[in-house]
Amino acid sequence: MLGVLGQVLIYIVPFLLVLTFIVTIHELGHFLVARAFGVKVDRFAVGFGRALVSRTDRHGIEWRLGWLPLGGYVKFSGDLDASSVPDQAGLAELRQRVVAEHGPGAERDYFHFKPVWQRALIVVAGPAANFILAVVIFSISLMALGKVVLPARVFEVQPNTPAAAAGFRPGDLITAIDGRMIEDGSEVSRAVMLSAGDPLHFTVERGAETVVLTATPQRRIQDDPIAGRIKVAQIGLMMRPAASDVRHIRYGPVDAMGGAVVQVKDTIGATLTYLGRMITGRESGDQLSGPLGIAKVSGSLTNAVAEASPDAGAFALNLSVTMIRLAAILSIGIGFLNLLPIPVLDGGHLLFYGFEAVARRPVSARYQEMGYRAGLALLAGFMLFATWNDLQKLNLFQFLGGLVS
């Protein structure tokens, strides 16, 4: 029974800590920009539910730690509904109540009476904080550890695969794909995974000559020790650079920042590419993951670190580094997700503010409510779809059997 409890904690605790940290940074972005514009805030909460710890500061802001560690939120004074975008009637009612309670001019401290550009910046600040967090983490990692570049040198060509049909040979060095220069083998893997069914043109150095080979990635099911059972596009290459190929790059602060920004940009670009392929029907969306999948990844990483660490001190250090890097990747995902134009998300608020800026009036209460309900339904459907993907990838019964054994 202790073994089951231990495994549950390994999978759940790191996931909750990482998620809470990321969402707290997101909400802190909203909070700091709101306060910079003089917006009155009622509460900053980490976690949900009944407060475990609560303190009110001299500005009247309640700082709360909830018992359910699943993120957090900022409550602005005067929020009338879940969408936080009242219509003209709601604004008039709020203004009247604020003036009656605090006197004329007090309404200028409330979020809903700030200029639309300030409200838009406050909303954007949440996702921006997630991207900044990722840049900071990647920058520190590059400065502290540097980057090991593993050129895309072909070690083995699997028979009866697109790579074999294209004419790849062991020893080939891939230098470009569709004209884009390739520095590291991971770039080849990413390009292949995002191109199932689409021919790719590989520029290859073979001894003293340069050849161009064309291969079309095909989807195959594989059991990944971290992500579980997944269906990924492959061409049938195993890459392993020679010792003379490997380079270790050291970074100063400026170069590390630039490299970190490129990493964030590439991650967002890959996400946009995958979503675009989903919309056009070239991807089924089976790589989308929800909380179960993220918990599986964090737990598998924890187990992998434990097996590779010789002692408790090394385990603590290695796990901290691993979870911080995972936090950077998930932070990009959460920032990107929140910018989607869905009414219950930050991107939906920006959509409403865009209408308000053009029409010189807020969206009507009726259309806000319709958008809010549609957004909730869309998010619920997305979560169900992602959870189904997680169950498929996890092979749930095998996963539960592993916990009990």
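Preceding this section is the structure that the text describes.
Given the structure is predicted, the values throughout are model-derived calculations rather than measurements.

K.L.:
Break down the overall build of the protein chain for me, with residues and values.
P.N.:
When helices and strands are tallied, the protein chain shows 11 helices and 12 strands. Taking all 405 residues of the protein chain together, 41% fall into the buried category. Once local pairs closer than 6 in sequence are excluded, the contacts in the protein chain between residues at least 24 apart make up 66%.

K.L.:
Explain the environment of Leu-272 to me, using residue names and the numbers behind them.
P.N.:
Inspection of the secondary structure assignment puts Leu-272 in helix α6 (residues 253-279). Residue classification places Leu-272 among the partly exposed positions, given a relative accessible area of 49%. Between the C-alpha atom of Leu-272 and that of Phe-336, which follows or precedes it by 64 residues, the distance is 9.4 Å.

K.L.:
Explain the pattern of salt bridges to me, and be specific about the residues and the numbers.
P.N.:
The tally for this structure, following the rule as stated, stands at 13 salt bridges. Between Glu-62 and Arg-43 there is a salt bridge, and its shortest N-O distance comes to 2.8 Å. Here Glu-62, found in strand β2 (residues 62-76), pairs with Arg-43, found in strand β1 (residues 41-56); they are 19 residues apart in sequence, far enough to count as distant. With relative accessibility at 13%, the residue Glu-62 sits in the buried group. Across the salt bridge formed by Asp-198 and Arg-277, the nearest N and O atoms sit 2.5 Å from each other. Linking Asp-198 in the loop between α5 (185-193) and β7 (200-206) with Arg-277 in helix α6, this pair joins segments that are 79 residues apart in sequence.

K.L.:
Which residues make up the side chain of Glu-27, and what values go with them?
P.N.:
Mapped onto the secondary structure, Glu-27 falls in helix α1 (residues 2-36). Arg-43 provides the closest opposite charge to the buried, unpaired Glu-27, separated from it by 12 Å. Beyond its immediate sequence surroundings of up to four residues, Glu-27 is in contact with Phe-44, Gly-72, Tyr-73 and Val-74.

K.L.:
Now, about the packing of aromatic side chains: what can you tell me, with residues and values included?
P.N.:
Tallied over the full model, the rule gives 7 aromatic pairs. Taking the centre distance of 5.2 Å and the plane angle of 35° together, the rings of Phe-44 and Trp-63 count as tilted. Taken as a pair, Phe-44 in strand β1 and Trp-63 in strand β2 lie far apart in primary sequence, 19 residues in all. Judged by relative accessible area, Phe-44 falls into the buried class, the value being 4%.

K.L.:
Any chance you could break down helix α8 (residues 312-338) for me, citing the residues and the numbers?
P.N.:
Because an α-helix completes one turn every 3.6 residues, residues spaced three or four positions apart along the sequence face the same direction. In this model, α8 (27 residues) spans 37 Å end to end at C-alpha, consistent with the 39 Å of a helix rising 1.5 Å per residue. Where α8 starts, the residue carrying a side-chain oxygen 3.1 Å from the main-chain nitrogen of Gly-313 turns out to be Asp-311.

K.L.:
Explain a nonpolar patch on the surface to me, and be specific about the residues and the numbers.
P.N.:
A grouping of Phe-48, Leu-52, Val-53, Leu-65, Trp-67, Leu-68 and Leu-70 is seen on the molecular surface, where their side chains present a nonpolar patch of about 650 Å² in accessible area. Contributing elements (two or more residues each) for the nonpolar patch: β1 and β2. The biggest single contributor to the nonpolar patch is β2, with 4 residues. Take Leu-65: it is sitting in strand β2. By relative accessible area, which is 38% here, Leu-65 ends up partly exposed.

K.L.:
Could you give an account of the nonpolar core, naming the residues involved and the relevant values?
P.N.:
Generally speaking, soluble globular proteins have nonpolar side chains that are buried together. One finds Phe-168, Ile-174, Val-188, Phe-202, Ile-235 and Leu-237 to be the most contacted residues of the largest nonpolar core, which totals 19 residues. Phe-168 has contacts with Val-154, Val-157, Ala-163, Ile-174, Phe-202, Val-204, Arg-206, Leu-213, Ala-215, Ile-235 and Leu-237, leaving out every residue within four places of it along the chain.

K.L.:
Give me the lowdown on the pairing of strand β8 (residues 209-215), citing residues and values where you can.
P.N.:
Pairing of β7 with β8 involves 7 bridges; the strand directions are antiparallel. Across the sheet, residue Arg-206 finds its bridge partner in β8, namely Glu-209. The turn joining β7 and β8, which pair antiparallel and follow one another in sequence, is formed by 2 residues; a positive phi near 65° is taken by Gly-207.

K.L.:
How would you sum up unusual backbone geometry? Please name residues and give values.
P.N.:
A negative phi angle is the norm for most residues apart from glycine, just as the trans form is the norm for most peptide bonds. Although it is not a glycine, Asp-178 adopts a positive phi angle of roughly 50°. With respect to the secondary-structure elements, Asp-178 resides in the loop between β5 (173-177) and β6 (180-181). On the basis of relative accessible area, Asp-178 is assigned to the partly exposed category, the value being 45%. You will see that Arg-360, though not glycine, has its phi angle at about 65°, which is positive. Structurally, Arg-360 is set in the loop between α9 (346-359) and α10 (365-394).

Here is what the cut-offs are and how they apply
Residues numbered from 1 in each chain as written. Predicted model: local features only at pLDDT ≥ 70, side-chain atom pairs only at ≥ 80, totals over all residues. Heavy atoms only, no water. Helix = DSSP H or I, 4+ residues; strand = E, 2+ residues; numbered from the N terminus. Buried < 20%, exposed > 50% of the residue type's maximum accessible area, 1.4 Å probe, protein only. Contact = heavy atoms within 4.5 Å. Salt bridge = Lys/Arg side-chain N within 4 Å of Asp/Glu carboxyl O. Lys, Arg positive; Asp, Glu negative; His and termini not counted. Phe/Tyr/Trp six-rings, centres within 6.5 Å; stacked < 30°, edge-to-face > 60°. Expected span 1.5 Å × (residues − 1). Polar contact = N/O pair within 3.5 Å; in protein donor to acceptor, adjacent residues only side chain to side chain. Patch = residues over 30% accessible without salt bridge, like charges linked within 9 Å, V, L, I, M, F, W, Y side chains within 5 Å. Areas by Shrake-Rupley, 256 points an atom, 1.4 Å probe, with all protein chains shown as cover. Core = buried A, V, L, I, M, F, W, Y, C linked by side-chain atoms within 4.5 Å. Pairing = 2+ DSSP bridges.

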